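# Tertiary structure, described
Residue-level listing of the chains:
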Amino acid sequence: MGLQKIITQYIPLGVYVVTVRDRDKINGMTAAWVTQVSFRPRLLAVAIAPERYTYELLKNSGVFCINVLGEDQIDLARHFGFRSGKDVDKFAGVPYINALKGSPVLKSAIAYFECTVVSTCQVGDHELFVGEVGDYAVQAEGAKPLIFRWDDFFGGVEA
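A brief look at the structure comes next.

Criteria and cut-off values
Residue positions are given per chain, counted from 1 along the sequence in the order it is written. The predicted origin of the model limits local features to residues at a pLDDT of at least 70 and limits the giving and counting of side-chain atom pairs to 80 or more, whereas totals for whole chains, interfaces and linings rest on all residues. Just so you know, side-chain values use all the structure's heavy atoms and leave hydrogens and water out. Note on exposure labels: buried denotes an accessible area under 20% of the residue type's maximum, exposed denotes more than 50%, and partly exposed covers the range between, all computed with a 1.4 Å probe on protein chains only. In DSSP terms, a helix is any run of H or I states spanning at least four residues, a strand is any run of E spanning at least two, and both are numbered starting from the N terminus. When checking whether two residues touch, look at their non-hydrogen atoms; a contact exists if any pair is within 4.5 Å. Any two strands with at least two DSSP bridges between them are considered paired. Helix axes are fitted to C-alpha atoms over the stretch in contact, other axes to C-alpha atoms as well, and angles between N-to-C directions run from 0 to 180 degrees.

### Remarks on helix H2 (residues 53-61)
If you check which residues of H2 are buried, you get Tyr53, Thr54, Tyr55, Leu57 and Leu58. Here the buried face of H2 lies against strand S1 (16-22), strand S2 (25-31), strand S4 (43-48), strand S5 (63-68), strand S8 (111-123) and strand S9 (126-138). A positive backbone phi angle near 75° is found at glycine 62, which sits one or two residues after H2.

Given below as structure tokens:
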């Protein structure tokens, strides 16, 4: 068993869709590397690889939204995770609204947190975006979040 698979088995992570809007372009990507990093102010962080289309839009806009997926939404996580927004409109047929600063919010997300970037940091092959929470809501009170399991997304493929 490879180290990446061991890490994901013993350090549990949620599954989220990070969405962005840069003027008339919107995109979303599935992410597991999301965490709270401060109480005061309320800060969340997400790690995104520079080759991702979401990275490009986020660098331009400075605003992102963490959409929390429920335990029954693995197909939605796969939808936003396995194709590039450069090649396909990931929002075609996916109902969404806009948060206060314009980030797409998945109507079916159990909660969302729109953040304004306050800091970035290069961390290995990803960049960490730290954002202050502005707009947020719980959209499905009591729903359980989807937990990342390596085999659900990569089926035995080692990193």
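### Let's talk about the sheet that holds S2
Spatial ordering of the open sheet is given by S2-S1-S5-S8-S9-S4-S3, a layout of 7 strands whose pairing is antiparallel. Either end of the sheet is taken by a strand with one partner, and the two such strands are S2 and strand S3 (34-38). Shown here is a sheet whose adjacent strand axes are inclined to one another by a mean of 35°, direction ignored. Here helix H3 (residues 74-81) sits on the sheet in contact with S1 and S2, set at roughly 120° to S2.

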